[in-house]
Amino acid sequence: MSTKPEYDEGARLYQSGLSCAECARQLGLNRTLLHQALTNRGVIRAKPTLRERFEDKWEVVTESGCWLWVARLNKHGYGTFQIGCRSCLAHRVSFEIYRSPIPEGMEILHKCDVRACVNPQHLYVGTQFENMRDRSERSSWEQAKGSQSVRSKLTEEDVLEIRRMSSAGRSYAELSERFGICKSNVATIVRRETWRHV
Ligand SMILES: [Zn+2]
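Parameters and conventions
- Residues numbered from 1 in each chain as written.
- Predicted model: local features only at pLDDT ≥ 70, side-chain atom pairs only at ≥ 80, totals over all residues.
- Axes fitted to C-alpha atoms, helices over the stretch in contact; angles between N-to-C directions.
- Helix = DSSP H or I, 4+ residues; strand = E, 2+ residues; numbered from the N terminus.
- Parallel < 35°, antiparallel > 145°, perpendicular 65-115°, else oblique.
- Contact = placed C-beta atoms within 7 Å.
- Nonpolar A, V, L, I, M, F, W, Y, C, P; charged D, E, K, R; others polar.
- Expected span 1.5 Å × (residues − 1).
- Pairing = 2+ DSSP bridges.
- Buried ≥ 20, exposed ≤ 12 C-beta atoms within 10 Å, placed from the backbone.
- pLDDT = per-residue confidence, 0-100.
- Arc of directions from axis to C-beta.

At a minimum axis separation of 9 Å, helix H7 (residues 156-167) and helix H9 (residues 183-190) run at an interaxial angle of 85°. Between H7 and H9, the angle falls in the class roughly perpendicular. For the pair H7 and H9, the contacting residues are Val159, Ile162, Arg163 and Ser166 in the first and Val186, Ile189 and Val190 in the second. Residue composition of the contact of H7 with H9, by class: 5 nonpolar, 1 polar and 1 charged.

Take H7 next. Between the first and last C-alpha of H7 there are 17 Å, a value that for 12 residues agrees with the 16 Å anticipated at 1.5 Å per step. Contacts made by the buried residues of H7 are with helix H8 (172-179) and H9. Trailing H7 by a residue or two, Gly169 shows a phi angle of about 100°, which is positive.

Another aspect to go through is the pairing of strand S1 (residues 58-61). In terms of strand pairing, S1 meets strand S2 (residues 66-69) through 4 bridges, oriented antiparallel. Residue Val61 lies in a different strand from S2, and its bridge partner there is Cys66. Counted between consecutive antiparallel strands, the loop separating S1 from S2 contains 4 residues, among which Gly65 sits at a positive phi close to 80°.

Moving on: unusual backbone geometry. The backbone of Asp113 sits at a positive phi, close to 65°, despite the residue not being glycine. In this structure, Asp113 sits in the loop between strand S5 (107-110) and strand S6 (123-126). Residue classification places Asp113 among the partly exposed positions, given that 15 C-beta atoms sit within 10 Å. The residue Arg192 is not glycine, and still its phi comes out positive at about 60°. What makes Arg192 exposed here is the crowd of 12 C-beta atoms within 10 Å.

Along the chain, Asp158 falls in helix H7. Looking at Asp158, the number of C-beta atoms within 10 Å reads 20, which means it is buried. Once the C-alpha coordinates of Asp158 and Phe179 are considered, the two residues, 21 residues apart in sequence, prove to be 7.8 Å apart.

Our focus in this paragraph is the confidence of the model for the protein. Residues of the protein with pLDDT of at least 70 account for 88%, and the chain-wide mean is 84. Counting contacts from residues 142-151, a segment whose pLDDT is below 50, to residues more than four positions away or on other chains yields 12 contacts.

Below, the discussion takes up helix H2 (residues 20-27). Those residues of H2 that fall on the buried side of the exposure criterion are Cys20, Cys23 and Ala24. The arc that holds every buried residue of H2, seen down its axis, measures 100°, which confines them to one face. Away from its buried face, by an angle of more than 90 degrees, H2 presents the exposed residues Ala21 and Gln26. On its buried side, H2 packs onto helix H1 (5-15) and helix H3 (31-40). Phi for Gly28, located one or two positions after H2, is positive at around 65°.

The following block contains the structure:
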């Protein structure tokens, strides 16, 4: 059925980048039959499965074993994955693909603290309460930890320099300008209210 020469021509046109419908129109062929012929010949590939689409979107970070999401992240830093017209959280989708369905009302939490990670072995089921506790522990940990925090603009060298320059008489305003942080941040750094470990 798919040996007709017009299907060869259809395949050629399709591979040149036209849609199947457009090829059918140009060649005066039935669109459904052409689509079927091109599918049988492997010219039109079957739609990737949900799992195949998902696996295109993460990369392994070998040191930690994290599977980092390389597609879209939401504003909280979690990966998002489109299923139909719904935008789903990628780590939840991962859990469902590789582990098991998520019990109703439960959260999927990260053991590795990397929100963009979708390695199912780094995920566990928890309650919303545990999730909130994790987040607040993590954020105070991030603040305490200084430059390892993704939110920090300064390095430990900057902090040392700020304190050195301040004790040499530079104003908070000047340091604020120079390091691109606000004056109150300069003040807390100089007074050792933040970056206490440096
Ligand atoms: Zn991880």
